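Descriptive structure summary
As a plain string of letters, each chain reads:
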Amino acid sequence: MFGRRSCYGFVPVVRLVLIYMNKPVFLIVGVGEATGQSLARRVAGDYQLVLVARSAGLIDRLAEELPGTLACTGDISNRQQWPALLGRIVEEVGVPARILINTESAAWGEYNELDIEQFAGSFDVNATGLLQTIQTLFPDKSRIAADTRVMVSSSPAAYNPPRHFLGLAPSRVAQRVIAELLDETLSVNGLEFSVFSIDGAIDEPKMRAMLPDKPTSYFIAPDDIADEMVAVFDREEFPIASGISGESSFAKR
């Protein structure tokens, strides 16, 4: 009935019928095969979904499957194009009531092997992208709708990073601090933040390939992550720190 919807002008866009326009908007930034996809399927019936990823394949398939879903390709680290994309999303469906920032960028290796461009890029994705998203969607704090919630998908690297996480932890820490300070500033206006730490290996193809000898119990299922995220979003009080852990928890090492 609805067909695939896109936030770009070169693909025909059909306005949603009233039943979807009356639903609050849930924006998921960084939709992949694991957490992002599972959360999208989990909340599709209750929200007007907007799915953002750097490539179109998965989000286009989800848009075909989940009625009324808006699929947008974009890169949170692109400081010129990202605000324009968010502006088109707001114009099409309105300001999101729920947002999941599910992006990650890192450089890996010993301290003297880290690629400086990748290291700097991790700040563009993890830290600067979060701040620019909030600046763009909520430029006037006096006009923020009550009960607007932003969750940042994170990891223990944001709190107590292992030393081999040098290429990831600094930008994760910066991201956490930004979320905490924004929460202190804007929660009184109705915009709250939660840093959701996924403490363990997520059950997805790349991680399975890296750990081929580990049993299924070692991995955290994306559906379990999505269920816990929804439970946090639905709490009466939105906690600034939240998360899930599994057998592969860093705290157990």
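Residues numbered from 1 in each chain as written. Predicted model: local features only at pLDDT ≥ 70, side-chain atom pairs only at ≥ 80, totals over all residues. Heavy atoms only, no water.

**Focus: helix H2 (residues 35-43)**
Among the 9 residues in H2, 7 count as buried, and that is most of the element. Along H2, the residues that are buried comprise Thr35, Gly36, Gln37, Ser38, Leu39, Ala40 and Val43. (Buried < 20%, exposed > 50% of the residue type's maximum accessible area, 1.4 Å probe, protein only. Helix = DSSP H or I, 4+ residues; strand = E, 2+ residues; numbered from the N terminus.)

**Quick word on the nonpolar core**
The biggest cluster of nonpolar side chains holds 32 residues, and the ones touching the most others in it are Phe26, Ile28, Leu39 and Leu49. Within the residue set of this core, elements represented by two or more residues are strand S2 (25-29), H2, strand S3 (48-53), helix H3 (57-65), strand S7 (191-199) and helix H8 (222-233). Per element, the largest residue contribution to this core is 6 residues, and it comes from H8. In contact with Leu49, not counting residues within four places along its chain, are Phe26, Ile28, Ala40, Val43, Ala44, Leu66, Gly68, Thr69 and Leu70. Counting residues in hydrophobic clusters, the runner-up holds 28 residues, among them Leu70, Val125, Ile144 and Leu191. (Core = buried A, V, L, I, M, F, W, Y, C linked by side-chain atoms within 4.5 Å. Contact = heavy atoms within 4.5 Å.)

**Some thoughts on helix H5 (residues 116-137)**
An α-helical turn contains 3.6 residues, so a residue and the one three or four places further along point in the same direction. Spanning 22 residues, H5 covers 30 Å between terminal C-alpha atoms, matching the ideal 32 Å at 1.5 Å per step. Bending of H5 peaks at approximately 40° at the position of Thr128. Where H5 is buried, its residues contact S2, helix H4 (81-93), strand S5 (98-101), strand S6 (148-154), helix H6 (169-186) and S7. If you check the start of H5, you find a side-chain oxygen 2.9 Å away from the backbone N of Glu117, and it comes from Asp115. (Expected span 1.5 Å × (residues − 1). Bend = angle between axes of the 7 residues up to and from the residue. Polar contact = N/O pair within 3.5 Å; in protein donor to acceptor, adjacent residues only side chain to side chain.)

**Some thoughts on the pairing of strand S4 (residues 70-73)**
Summarising the sheet, S3 and S4 pair through 4 bridges and their orientation is parallel. In the sheet register, Leu51 faces S4, and the bridge partner there is Ala71. Crossover handedness for the path S3 to H3 to S4: right-handed. (Pairing = 2+ DSSP bridges. Right-handed = clockwise from strand over helix to strand, strands pointing away.)

**Section: the side chain of Ser153**
You can see Ser153 is positioned in strand S6. For Ser153, a relative accessible area of 6% puts it in the buried group. Discounting residues that sit within four places of it in the chain, Ser153 has contacts with Leu100, Ile101, Asn102, Arg172, Gln175, Phe196, Ile198 and Met229.

**Things to note about the packing of H4 against H5**
Where H4 meets H5, the closest approach of the two axes is 10 Å, and the angle between their N-to-C directions is 40°. Classed by the angle they form, the pair H4 and H5 counts as oblique. Read as a crossing pair, H4 and H5 show a hand that is right-handed. Across the interface between the two elements, Trp82, Pro83, Leu86 and Val90 from H4 touch Gly129, Gln132, Thr133, Thr136 and Leu137 from H5. (Axes fitted to C-alpha atoms, helices over the stretch in contact; angles between N-to-C directions. Parallel < 35°, antiparallel > 145°, perpendicular 65-115°, else oblique. Left-handed = near helix turned anticlockwise from the far one by under 90°.)

**With respect to the environment of Leu85**
In this fold, Leu85 is placed in helix H4. Overall, Leu85 belongs to the buried group, its relative accessible area being 2%. Taking the C-alpha atoms as reference, Leu85 lies 10 Å from Thr133; in sequence the two are 48 residues apart.

**Description of the pairing of S7**
With 8 of 9 residues buried, S7 is to be regarded as a mostly interior element. Sheet analysis places S6 next to S7, joined by 7 bridges and oriented parallel. Pairing of Ser154 across the sheet is with Ser197, part of S7. Considered for its hand, the β-α-β crossover made up of S6, H6 and S7 is right-handed.

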